Amino acid sequence: MPTFVYMTRCDGCGQCVDICPSDIMHMDSVVRRAYNIEPNMCWECYSCVKACPHNAIDVRGYADFAPLGHSVRVQRDEEKGVIAWRIIFRNGEKDMTLLAPITTKPWGQAIPQLADEAEPSQEMRDSQHLYNEPKYIRLDDGGLHTLESNGLKLKEGVYY
Amino acid sequence: MAFKTIIEDGIDILVAGAGLGGTGAAFEARYWGKDKKIVIAEKANIDRSGAVAQGLYAINCYMGTRFGENNPEDHVRYARIDLMGMVREDLLFDMARHVDSTVHQFEEWGLPLMRNPKTGAYQREGRWQIMIHGESYKPIVAEAAKKSADKVFNRICVTHLLMDESKPNRVAGAVGFNVRTGNYHVFKSKAVIVAAGGASNIYKPRSVGEGAGRVWYAPWSSGSAYGLLIGAGAKMTQMENRIVLARFKDGYGPVGAYFLHLKTYTQNCNGEEYESNWWPQLQEMVGKEYLDPEASHRTHRPIPTCLRNHALINEVNAGRGPIHMITMEAFQDPHLEEIGWHNFLGMTVGQAVLWAATDVDPKNENPELTTSEPYVMGSHATGCGAWCSGPEDISPPEYFWGYNRMTTVEGLFGAGDAAGGTPHAFSSGSFTEGRLAAKAACKYIDDGKAEGIRVTDEQIERRRAEIYKPMEHYRVYRNEITAGSVNPNYINPRQGLDRLQKLMDEYCGGVTVSYMTNEKLLNIGLKKMKIFEEDLEKIAAENIHELLRAWELKHRHLTSEAVMQHTLFRKETRWPGYYYRGDVMKVDDENWHVLTVSRRDPETGEYTMEKAPCYHLVEA
C-alpha cells in the first residue's frame, strides 16, 4: 500500500487526513472512510497510524521488495508521554515489544510565550545573541564565541 | 473555477515552510519582533511536516561546549574536510556557536535527551551526535512555533514569491493555494524566510512501482527551498554538491548510530575489510590533503563521507558485493540490540517493517548496505542552497551584504535546506539557522529597508492564472480522449516526475550509471530539460491534489536544472562517491578551490555562473 485502512475500524473522523505530511490520506466519497490515494508517495512515516484513534490504519511493506505476513504496530500515548511498538516477524520467530518516552514535560506548558518576555535592549539587538543567550549556551564565562575570542583569523586558500 | 482569493495583508515576516528551519524562525521572530505580524505557510500540517515528521533518534549537530567537548571552530574543520574543502565557514561557525543553546532549549521543552551516566553529559553516539528519544521531536518544536506565530496556515503549497514593484530585486511576500480547498492564498509580507525542503525524488529511486515512496529523504520534500528561490532570481551555490547515502538496502535505515555507537563495521562478500584497499588509487585522484589515512588515524580526522561511498561503490562494481553491515557481534548485547531497533522506530520505521517482512534479524544475520540515489539538500551533509549573507562579525566582504542569512534578493532569507554552503546543520542547526534568519529579518524591517513595498493586482492575478493553469489545461483537453491517462496534449504530474527522474539518472549521474556523467551527457541533459520545461507548461492536474504534485514537480525541475548547470560548470570531480565527471576525474584545487554560484534569470531562464572565493576561518 504501504498504509491501508481497515474498513470495519475506520469511522471517517479524518484525523489521518489532517496529519499526513504527504497529503495522501483522503476520504472515499462513497464509503466515507479514509484511504491512501497515492501509495508510491507514502514514506511509511506512521504519522497517520499514530494519529488514528481507532487503530484502523496499518502498514504493509512495499510490494517491490517486502513479502507479506509481517506486522509493525504502534501505540502513542500523549498523556503518559510514551510510545509502544510491537514488531512481529513474518516467520513468527521474533516478536518484540519496545517502549520509549516521547516527552518529559506535559504538552503545552514548557515552551515560553516570547511575547511576554522583556523587550530586548538595543545592545542585545546589536549583538550576535539570540533569545536567552548567552545564558542558554551555558558557557562558564557566559560569552558568545567570536573569531577573536577563539583566536581565529580569516585565511584564504588551500591548506590541510 | 470558483476558488476564492484570500489575501493576508500587513505581514512583517512570512515563514514559508515549517520544518525545523521554519519553526526556529517563527519562534525567534516573536522575541525580536514582539509587535510584528508573523505568519507561517506550511504545505502539510506543522505538527508533522518536514523531514523530521516521523522523528529523529539523534541530534546530529551539538558542540557540547559546556561539557568541554567541542568549540565551533572544531565543527568548521570537520565539515570542511567532510566536504573536501568546500563550505561557507562563516555561516558554519555562526550556526555552531549558537546551536548548543537551541539544543538546551529543546531539553527544557520536554524533548527526552539521553545522558551518559558516567559523565552527566549528553549521550554521544559520535563526536557531533547526541542520542535522543525523538519520536515527538517535530510536535514539540511545532508547539513553539504555533505559540509564537500570529497565524499558521496549514496545507498551503507556496508556489511563488511575490516581488516588490517599487524597487527591483526586493521580495514582497508569496502566493500559493490550499491543497484541500483549492483557494488562492496571497501573503503580502515585508520579509520572507524560506525554510522549505530540499529535493528528494529528482533522481530515479532504486525502488520501483509502489515502493517508489521508500526513499531516504521525505518524498514530500520537493525542492521548494530551491524552486522558490531560483524562481525569484536569487543566487544559488553548491548545487552540484548533491548527496548519496550509504544505507541499509531497501529500507534506507540510518547507519550513523550503528557505526558510531553500536560499533558495527562493514565487509564485502568475502568477509573482508575493503575500504582501505581503495585508498591508494583514490589518493591519486583527490590528493593527500583530502585523503591521508595515516593522519586520519592519528588525529581522528574523518575520511570524507563521499570517499567512503567511493570505496563501497567500486567494491560492488568489482564484483565483491553485497556489502554487509556486521551487526551480529554487537547485537548479542541486549541493550545494543534494543538501541538498534529504537534507532529505526524513532526515525525510519520503514526499515523495521522491511526487516520484519524479510525475516532479517540483525542478531543472527548481517544485513546488506547499498548506496542511495542522489538528493539535493543543504541541511544534512551537503551544502546546496542560496548564496546568503553571513554575520557581520565574521564574514569577509564577499560574504556579507548586511543581514545574516539574507539571500541576494532583498528581504528574502534562507534557513535549513535553503541556506547554501552550510552542511552538517541537520535538525538542530536548521532550527538555529531559522532563529538567526528571524533576528536578521526583524532588523531588516526595523532599519526601514522594507518601506514602500508595492504589489499590484496585476502581479497577483498573473500568478493566479499561472497556478491554476494545470487544472485549466486538464479541463480543456480531457474530453479529447475516451478514458485513461494517455493524452496527446498533456502529461500528468506522475508521468512528468518519471521523465525528470530518468533524465537526471541517465544524464546527471544517478544510480544506474554509478553516479557518472560528463560534459556531453550534461549538455544533452540540459537540452532535454529545456524541452521538458516546455511540456511542464502543458502539465495537467485532474484535481487539487494533482495540482499540488504539479507544482512540486515544477520546483523539482528548477532544482534539477540548477544541479545540471552547476555540475557542468565545476570542471572536476570534487566529491567522488557523490558523483563523477568522467571527463575530469581529478580534484583540481588550483582552478576549483572555489564555491560555485549561479543565477537563473527569472524572465529568460538563462543561467549565469560564477566562482566565489572559498575563505577559511581557521587553521587546520
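For the structure itself, consult the block above.
Residues numbered from 1 in each chain as written. Chains lettered and ligands numbered in written order. Predicted model: local features only at pLDDT ≥ 70, side-chain atom pairs only at ≥ 80, totals over all residues. Heavy atoms only, no water.

1. Considerations on the overall build of chain A
Scanning chain A from terminus to terminus reveals 3 helices and 8 strands. Seen in sequence order, chain A has helices and strands lined up from the N terminus as β-α-β-β-α-β-β-β-β-α-β. For chain A, whose C-alpha radius of gyration is 25 Å, the value lies well above the compact-globule estimate of 15 Å for 160 residues. With the C-alpha coordinates of chain A rotated into their principal frame, the extents come out at 65 × 50 × 30 Å. When contacts within chain A are restricted to residue pairs at least 6 apart in sequence, long-range pairs at least 24 apart make up 35% of them. When the accessible surface of chain A is split by element, carbon and sulfur atoms take 49% of a total near 8200 Å². Side-chain charges in chain A split into 17 positive and 23 negative, and the spacing between the mean points of these groups amounts to 9 Å. (Helix = DSSP H or I, 4+ residues; strand = E, 2+ residues; numbered from the N terminus. Rg over C-alpha atoms; globule rule 2.2 N^0.38 Å. Contact = heavy atoms within 4.5 Å. Areas by Shrake-Rupley, 256 points an atom, 1.4 Å probe, with all protein chains shown as cover. Lys, Arg positive; Asp, Glu negative; His and termini not counted. Charge placed at Lys NZ, Arg CZ, Asp CG, Glu CD.)

2. Let's talk about the side chain of B:Asn183
Residues and elements named next belong to chain B. Along the chain, Asn-183 falls in the loop between strand S7 (171-178) and strand S8 (184-194). Within polar-contact distance, the side chain of Asn-183 engages the backbone nitrogen of Lys-4 at 3.0 Å. When neighbours within four sequence positions are excluded, Asn-183 is seen to be in contact with Phe-3, Lys-4, Ile-6, Gly-176, Phe-177, Asn-178 and Tyr-468. (Polar contact = N/O pair within 3.5 Å; in protein donor to acceptor, adjacent residues only side chain to side chain.)

3. Examining the layout of surface pockets
Residues and elements named next belong to chain B. Each pocket or cavity is described by its volume, and for the second largest pocket that value is around 840 Å³. Along the wall of the second largest pocket there are 28 residues; nearest its centre are His-160, Gly-231, Arg-463, Glu-466 and Pro-602. Going through the elements one at a time, strand S6 (156-163), helix H5 (224-231), helix H13 (457-477), helix H15 (519-536), helix H16 (544-569) and strand S18 (594-600) are the ones with two or more residues in the lining of the second largest pocket. Split into classes, the residues belonging to the lining of the second largest pocket amount to 8 nonpolar, 10 polar and 10 charged. (1 Å grid on protein atoms, 1.4 Å probe; cavity = no way out; pocket = protein on both sides within 12 Å on 5 of 7 lines; lining within 4 Å. Points joined across faces, edges and corners; volume = space filled by probe spheres on them. Nonpolar A, V, L, I, M, F, W, Y, C, P; charged D, E, K, R; others polar.)

4. What about the interface of chain B and chain A?
With 107 residues of chain B at the interface, the matching set in chain A holds 93 residues. Approximately 9100 Å² of surface area, both sides summed, lies buried where chain B meets chain A, with 59% of it carried by carbon and sulfur atoms. Broken down residue by residue, the surface that chain B buries against chain A is led by B:Tyr31, B:Lys147 and B:Glu210, which jointly contribute 8%. Taken together, the links from chain B to chain A amount to 10 salt bridges. On inspection of chain B and its partner chain A, the count reaches 45 residue pairs in polar contact (both at pLDDT 80 or more). (Buried area = accessible area lost by both parts, 1.4 Å probe. Salt bridge = Lys/Arg side-chain N within 4 Å of Asp/Glu carboxyl O.)

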